[in-house]
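Summary of the model geometry
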Amino acid sequence: MRRSKRKAIQNTAAVPAVTISDLPNHITCDILSRLSLNSIFACKRVCKLWRDLTLEPYFAKLHLSKSPLSLISYRRGNDIDNSPSYFEILQLYDPLVLRRRDTTMKFRTDIYFPRIHMVASCNGSILLSNSSSDDDLVIVVCNPLRAQQFILPKPPKLALQTHKLAQLGFGHSPSTDQYKVLRFTSSNNVFKPCRLNCEIFTIGIDDEWRSMGDTEQLPALIISKIIFLNGALYWIGVENLRFICYFDIEREHFRSFPLPSHIGKGFVYLDVVDNGLYLHNWDSLQWRFWAMKDYGDFGSWTLEWVIEEPIIYKCKGLRRLLKTLKDGRLLMTFDDIRDATKTIVASYNPRTRVLKKNKYHLSGHWSGAVADIPCFFSPMDALK
Amino acid sequence: MASSIENNNEKLTLKSSDGEEFLVEKHVALQSTLLQNMLDSDCSSADVIPLPKIDARTLALVLGYCKKHADASSSKQGELNSFDSEFLKDMDMGALFNLVLAANFMEIKGLLDIAAQKIADTIKDKPHQEVREIFHVENDYTPEEEAAVREENRWAFEGFP
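Residues numbered from 1 in each chain as written. Chains lettered and ligands numbered in written order. Predicted model: local features only at pLDDT ≥ 70, side-chain atom pairs only at ≥ 80, totals over all residues. Heavy atoms only, no water.

A few words now on helix H7 (residues 109–123) of chain B. Each turn of an α-helix holds 3.6 residues, which means side chains three or four residues apart point in the same direction. The end-to-end C-alpha distance of H7(B) is 21 Å, a good match for the 21 Å that 15 residues give at a rise of 1.5 Å each. Those residues of H7(B) that fall on the buried side of the exposure criterion are B:Leu111, B:Leu112, B:Ile114, B:Ala115, B:Ala116, B:Ile119, B:Ala120, B:Thr122 and B:Ile123. (Helix = DSSP H or I, 4+ residues; strand = E, 2+ residues; numbered from the N terminus. Expected span 1.5 Å × (residues − 1). Buried < 20%, exposed > 50% of the residue type's maximum accessible area, 1.4 Å probe, protein only.)

Now for the pairing of strand E18 (residues 276–282) of chain A. All names here are of chain A. Taking burial as the measure, the 7 residues of E18 include 6 buried ones, the bulk of the element. By the bridge criterion, 5 bridges tie E18 to strand E19 (residues 286–292) in an arrangement that is antiparallel. Note that in E19 the partner of tyrosine 278 across the bridge is alanine 291. (Pairing = 2+ DSSP bridges.)

On to the environment of B:Glu133. Among the structural elements, B:Glu133 can be located in helix H8 (residues 128–135). When the C-alpha positions of B:Glu133 and B:Thr58 are compared, they lie 24 Å apart, and in sequence the two are 75 residues distant.

The full count for this structure, using the stated rule, is 24 salt bridges over all chains. With a shortest N-O distance of 3.0 Å, B:Arg132 and B:Glu146 are connected by a salt bridge. In this pair, B:Arg132 sits in helix H8 while B:Glu146 sits in helix H9 (residues 143–157), placing the two residues 14 residues apart along the sequence. Just as B:Arg132 is buried, B:Glu146 falls in that class too. What emerges from the salt-bridge pattern is a single network uniting A:Asp30, A:Arg34, A:Lys66 and B:Asp113. (Salt bridge = Lys/Arg side-chain N within 4 Å of Asp/Glu carboxyl O.)

With that out of the way, let us pick up unusual backbone geometry. At A:Asn240, a residue that is not glycine, the phi angle is positive and equals roughly 65°. Looking at where A:Asn240 falls in the secondary structure, it is placed in the loop between strand E14 (232–239) and strand E15 (241–248). Given the relative accessible area of 83%, A:Asn240 is considered exposed. Positive phi is not limited to glycine here, since B:Glu107 has a value of about 55°. You can see B:Glu107 is positioned in the loop between helix H6 (93–106) and H7. Using a relative accessible area of 37% as the deciding quantity, one classes B:Glu107 as partly exposed.

All names here are of chain B. Running from N to C, H7 and H8 point in directions that differ by 135°, and their axes come no closer than 10 Å. Classed by the angle they form, the pair H7 and H8 counts as oblique. Across the interface between the two elements, Ile119, Thr122 and Ile123 of H7 pack against Val131, Ile134 and Phe135 of H8. Along the lines of polarity and charge, the residues of the contact of H7 with H8 split into 5 nonpolar, 1 polar and no charged. (Axes fitted to C-alpha atoms, helices over the stretch in contact; angles between N-to-C directions. Parallel < 35°, antiparallel > 145°, perpendicular 65-115°, else oblique. Contact = heavy atoms within 4.5 Å. Nonpolar A, V, L, I, M, F, W, Y, C, P; charged D, E, K, R; others polar.)

This brings us to the pairing of strand E22 (residues 330–336) of chain A. Residue and element names in this part refer to chain A. Within E22, 7 of the 7 residues are buried, which leaves it mostly tucked inside the rest of the structure. Sheet topology note: the E22/strand E23 (residues 343–349) ladder contains 6 bridges and is antiparallel. Bridge pairing in E23 links methionine 332 to alanine 346. Linking E22 back to E23 in an antiparallel pair, the connection comprises 6 residues.

It is worth stressing that arrangement in space is one thing and function is another; only the former is reported here.
Here it is in structure tokens:
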């Protein structure tokens, strides 16, 4: 049936007066931007024009507005059997289709350093590092879709032996279109925390790292991922109390606010869901999710979802919240209780209070995956 | 003039590139931002509005779409959706591209949107050779360039075991 229809199209269109090549470029961009990544990369091979259009900022903007959130993982190759390093992208379409393995896409990268792994992402570009505090520290920014990568210069050597636990943040200022990488260092002595230090590097502007002042007020320990949202970096800091901290990428200033006491004790995790900031924490009985109800109001944390007894679902180690689906379900990933090398995608329905695991398991390297929208804009465009 | 726009019975005449004239109710024509702007700026004093880039067959299709969308009330979204999907269903590619060009020229956002989506759906999940064939796109890559693009794309298509 399908075959014959295709034939009919070919026959009737044998000598078409107007072809796809007659469409204005902005419409061709519009059409291409509606495709999945697999199809976009197939279209790059069709003709030069289509390939060139995928490099246009106009196309990148359209594509970004239409693309679904994706999981992006990095698998480090090894030089023993010469296996390559690659990024793998899983586009999370709504409704969720995760049955076939070929819904993911792989992008090879030459980036290989021992122990290098994904640290952060920003606008679909990835920050890789070996998280070393020593001379062999490597920090790389990659854009998988554009096959671009940039190895940052080495940050200044740490003066004191006690300055350890380096953490990296990666953010973008929409108003200046600048990408910045931050490195935080602090003492690893929990009982006598010293002050947090920070260096910053603006891609395409700086030749070397700049030291940031203004860090005296910040809690000396960072106990969460450093995540990017709306032109700022956010993390959870601890110094006696727990704080939510942020860094304004454009203006380069820090702020920190104590977390309200109604958020339970212990570790809290920070995630971005649908452009909003969420905290979550758990014990064996409950997972609790708190939303910052009024964006920018650091006192407005509101309990949004509670998942009771997650242990009965044979899952633990919630990895991250991803997004809410159109029907209100909440999409998330967590570790498989039976097989630590597997990552499970699941959805939680707040109405029925049922957590449903997707049959599709993601193998080993997905546990460190980031959630972001792959993007044809690249930080490396500033490097010309 | 605002007063004349409110008058639903008023009609205007559109002329296709091949000389055919279409009498259209004003509220139907208003689906087109181009025509709306013309009417707003009172350029409509001419008896006939020529549309030199759009042939009669395409214009008839465009106006069919506009009429349906102008007449349907907002409560009938489901009906409009099924109309939209039927509207393009068995259309050949040549007609579809003409429709895209017309929708683009006349600035009919909804029509442009469904037509672009229809073309995207046709491209979807097909290898590049098949896309070239269906759309009669000439391969203008030299063998060397083609090899380079293939290399660029290699990891997009080869699965790992």
